[in-house]
Amino acid sequence: MRLFAAVLPPDSATTELATAAHALTELPGADELRWTARVSWHFTLAFMAEVDDATVPDLTARLERAAHRTAPFSLALRGGGHFGDRALWAGAAGDVAALRLLAARADAAARKAGVPMEEHRHYRPHLTLARTRGEGALGPYADALAAFEGTAWTVRELTLVRSNLPSSGVAGERPRYEVVGRWVLGGGAGAAGGAG
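Just so we're clear, the structure is a prediction, and the values are computed from it rather than from any experiment. (Residues numbered from 1 in each chain as written. Predicted model: local features only at pLDDT ≥ 70, side-chain atom pairs only at ≥ 80, totals over all residues. Heavy atoms only, no water.)

Details of the sheet that holds strand β9 (residues 176–184)
And step 1. Spatial ordering of the open sheet is given by β3-β1-β8-β9, a layout of four strands whose pairing is antiparallel. Edge positions in the sheet fall to β3 (43–50) and β9, since each of these pairs with one other strand and no more. Sheet twist, expressed as the mean angle between neighbouring strand axes with direction ignored, is 20°.
And step 2. Relative to β9, strand β8 (residues 157–164) runs antiparallel, the two sharing eight bridges. Paired with S163 across the two strands is Y177, which belongs to β9.
And step 3. Sheet contacts for helix α2 (residues 56–68): β1 (2–7), β3, β8 and β9; angle to β9, the most-contacted strand, approximately 55°.
And step 4. Along the sheet, helix α3 (residues 96–112) makes contact with β1, β3 and β8, crossing β3 at roughly 15°. (Pairing = 2+ DSSP bridges. Helix = DSSP H or I, 4+ residues; strand = E, 2+ residues; numbered from the N terminus. Axes fitted to C-alpha atoms, helices over the stretch in contact; angles between N-to-C directions. Contact = heavy atoms within 4.5 Å.)

The following block contains the structure:
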């Protein structure tokens, strides 16, 4: 399974961002970008790529512990940026230190479960809005997002998501994301564990 740990923004936050993102689609060259679907917006905490089925029980137990050790925290969508001329993203504000800590714990959980991970890099919270099909100047889009400031919400859970890669061969098909585990931060009531 292709898995990643993530924080999923609530509908209220993605509604605000969708309004700002729609304005970006009116900018020159916007039709040359591959815009991500709102339903797939998330903050990746730890990307695990292919995870062996036999590893999943240990991984989910470790992610549950990571969530239990992390208190709920406040987050908001704010501003934007780009990774070179490859990806346009919205940024995060609020308790970004807590988000980074949760990302580090999710990464450590995967490593301890035996999941091969990329080398450690400084975690930069971002929510991908669009990718280029080749070369494209993303600076004007990031500049247009600079003033965006969403309403804060409380992050209350760590989520494990399965990425189902396109298989139909239809041009433009995107990966489908499926939540396979959720754990309440701080270990509060209502924790739902396990991969499904």
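A short note on the environment of T14
And step 1. With respect to the helices and strands, the residue T14 is situated in helix α1 (residues 11–24).
And step 2. For T14, a relative accessible area of 4% gives the class buried.
And step 3. Sequence spacing of T14 and V39 is 25 residues, and the spatial spacing of their C-alpha atoms is 8.7 Å.
And step 4. Ignoring any residue separated from it by four or fewer positions in sequence, one finds T14 in contact with P9, R38 and W41.
And step 5. A distance of 3.1 Å separates a polar side-chain atom of T14 from the backbone oxygen of D11. (Buried < 20%, exposed > 50% of the residue type's maximum accessible area, 1.4 Å probe, protein only. Polar contact = N/O pair within 3.5 Å; in protein donor to acceptor, adjacent residues only side chain to side chain.)

Looking at the pattern of salt bridges
Two side chains that carry opposite charge are able to pair once their charged atoms sit near each other.
And step 1. Counted by the stated rule, this structure contains four salt bridges.
And step 2. The residue D58 makes a salt bridge to R62 at a minimum N-O spacing of 3.2 Å. Of this pair, D58 and R62 both sit in helix α2, four residues apart, roughly one helical turn.
And step 3. By relative accessible area, which is 31% here, D58 ends up partly exposed.
And step 4. E157 serves as the salt-bridge partner of R182, at 2.6 Å between the closest nitrogen and oxygen. Within this pair, whereas R182 is found in strand β9, its partner E157 is found in strand β8, the two being separated by 25 residues in sequence.
And step 5. Look at R182 and you get partly exposed, because its relative accessible area is 34%.
And step 6. On the basis of relative accessibility, which here comes to 27%, the residue E157 falls in the partly exposed class. (Salt bridge = Lys/Arg side-chain N within 4 Å of Asp/Glu carboxyl O.)

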